[in-house]
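# Observations on chain architecture
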Amino acid sequence: MDAGFSISIQVQLECPCDKTVWVVPFQADVRCELCDQAMMIDAPTWRAYIEPAVLDGPDLPDGECREVAIGNGKVVFDRVGVECAECHAIIEQDVIAAALATGGGACPGCTTAFRTRPVPPELAAAFPAVSHLVEAFDFHVWHVPERRAHVQRTATYTWGAIDAATCDRDGNLYLMNRDAVACLAPDGTTRWVRTQLALDYEPRIAIAADGSVLLWARTRVEAMRLSGVDGTRLDSIGGLPSPHATAHSLALGKCRGLATDPDGSIVFINCRRLLRCAADGTGIATWPPHKAGLFGRTVTEKLRPLAMDDTECVSVSALKDYPTIVEEGHVLIDAAGRLYIGNWGHVACFDRTGKRVYVTPTNAHLGGVDASGRIYYFRDAGPHRYAIWRLSPTGEPAIHIPDLEGGVLAVAPDGTVFVANSESKLRRYAPDGTPRS
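The following paragraphs examine the structure supplied in this document. Keep in mind it's a predicted model, so treat the numbers as computed, not measured. (Residues numbered from 1 in each chain as written. Predicted model: local features only at pLDDT ≥ 70, side-chain atom pairs only at ≥ 80, totals over all residues. Heavy atoms only, no water.)

## Quick word on the overall build of the chain
- Looking only at helices and strands, the chain has three helices and 38 strands in total.
- Residue burial in the chain is summarised as follows: out of 437 residues, 49% are buried.
- Across the chain, the fraction of contacts at a sequence separation of at least 24, relative to all contacts at a separation of at least 6, is 44%.
- Per element, the accessible surface of the chain, about 19,900 Å² overall, is 53% carbon and sulfur. (Helix = DSSP H or I, 4+ residues; strand = E, 2+ residues; numbered from the N terminus. Buried < 20%, exposed > 50% of the residue type's maximum accessible area, 1.4 Å probe, protein only. Contact = heavy atoms within 4.5 Å. Areas by Shrake-Rupley, 256 points an atom, 1.4 Å probe, with all protein chains shown as cover.)

Here is the structure:
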């Protein structure tokens, strides 16, 4: 058996009498020692308490502690070795591994016994990477097989709603709400799930050119960046600009529209401006230098701080070449770097140089774009029914999927369409529009 490693877990509940009660993991009947009030903990509740430690604990640096509040209690966890209850020496992981099958072992230094017990059956299915609980010192330590990467996280997550979805260039599907983001492989298997996001109002997601996952919300000015491989948190980019800034930067705030370019840059709409930033969030020109005017002089965009522009907002339908001022809307970028700007009335397409390719009425906001530059979006098809329409690379609209429930739309590079409805049911459609299982 693999030696594995340990995650220390301490669970604390607050009794109505204000007494803090320390709870042994999986203990069902808990009583306050001050007022003797019973507090029952069922399997779903234990799953909620244990999940943060199981999902995030493997990625903690050794010795780093983390605390997560849940309901009327909290869980505190860190990556530390199993400590002997008598001599306080750290018991080696291979000694713990050897004791799992026998229900316990002894400290090699002082022979003090420690206990092990399997995960209860009602929780084992939710945490397949966890095998046993180890009891030694005055807290309780999970023994987790040596698979630290988040890609191994297959714990069950109950989706209350799905707020946003997207696909990466490999066809992996990402689903998210305010609390969690999940990555599903093209065959539907779960690659990883990350919880405890706390993104709040209108969470959004985009996949960067390097495969990392950008998460943001209307109440945040920065974007959280996760690894697309395993969901581990990498860093945050953007934030409040300096009052002395001479150029814009990635400051999202109330931004609805953000898209990532294959060249690594990020395009977004904020303060009625269409802006572009480098991958690290520093401001760059939205469009490359271009010729303009009767004599074809070269025009280079001047960078300036992000602030509410005095210029009147320009509607999508009125956009010309090289736009930098635009009404609030959504943006998409396809594999060729063509930029699409849309709102509930029109969608405008621009090539990589900034030249307008087309403007088309849609009466819907943009849902996704495939590798061929075809745009997908919902349109009403009757009471509580919708159709998915598709724009050709030259802007001609046509019905693609005629009748379905609405929801959140994501499009894979090959044109596979995913729809997650309000009941969190996920449906998949082949590139030709036929339903897939």
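From this point on, the discussion continues.
## Observations concerning the pattern of salt bridges
- A complete count under the given rule lists nine salt bridges for this structure.
- A salt bridge links aspartate 261 to arginine 276; its shortest N-O distance comes to 3.2 Å. One end of the pair, aspartate 261, is in the loop between strand 21 (258–260) and strand 22 (266–270); the other, arginine 276, is in strand 23 (residues 273–277), with 15 residues separating them in the sequence.
- For aspartate 261, a relative accessible area of 1% puts it in the buried group.
- On the basis of relative accessibility, which here comes to 8%, the residue arginine 276 falls in the buried class.
- Salt-bridge contacts for aspartate 263 lead to arginine 352; the nearest nitrogen and oxygen are separated by 3.3 Å. (Salt bridge = Lys/Arg side-chain N within 4 Å of Asp/Glu carboxyl O.)

## Some thoughts on the environment of proline 361
- Mapped onto the fold, proline 361 is located in strand 30 (residues 356–361).
- Overall, proline 361 belongs to the partly exposed group, its relative accessible area being 49%.

## Thoughts on unusual backbone geometry
- With a phi angle near 65°, aspartate 36 is a residue other than glycine that sits in the positive phi range.
- In this structure, aspartate 36 sits in the loop between strand 3 (29–31) and strand 4 (38–40).
- For arginine 272, which is not glycine, the phi torsion reads 65° and is therefore positive.
- Locating arginine 272 in the fold gives a position in the loop between strand 22 and strand 23.

## Re the side chain of arginine 273
- Turning to its location among the elements, arginine 273 is positioned in strand 23.
- Judged by relative accessible area, which is 5%, arginine 273 ranks as buried.
- Within the structure, the side chain of arginine 273 is placed 2.7 Å from the backbone oxygen of proline 305, a separation counted as a polar contact. (Polar contact = N/O pair within 3.5 Å; in protein donor to acceptor, adjacent residues only side chain to side chain.)

## Quick look at the sheet that holds strand 20 (residues 233–238)
- Judged by pairing direction, the sheet is antiparallel, and its four strands sit side by side in the order 17-18-19-20 without closing on themselves. Whereas interior strands pair on both sides, the edge strands pair on one side only; in this sheet they are strand 17 (204–207) and strand 20. Sheet twist, expressed as the mean angle between neighbouring strand axes with direction ignored, is 25°.
- Taken together, the five bridges between strand 19 (residues 222–226) and strand 20 define a ladder with antiparallel strand orientation. Within the sheet, the bridge partner assigned to glutamate 222 lies in strand 20 and is glycine 238. (Pairing = 2+ DSSP bridges. Axes fitted to C-alpha atoms, helices over the stretch in contact; angles between N-to-C directions.)

## A word on the sheet that holds strand 29 (residues 346–350)
- Taken together, four strands build an open sheet; the order of strands is 27-28-29-30 and the sheet is antiparallel. Sheet topology places strand 27 (330–333) and strand 30 at the edges, where each strand pairs with a single neighbour. Neighbour-to-neighbour, the strand axes of this sheet turn through a mean angle of 15°, independent of strand direction.
- Sheet analysis places strand 28 (residues 339–342) next to strand 29, joined by four bridges and oriented antiparallel. Opposite tyrosine 340, over in strand 29, you have cysteine 349 as the bridge partner.

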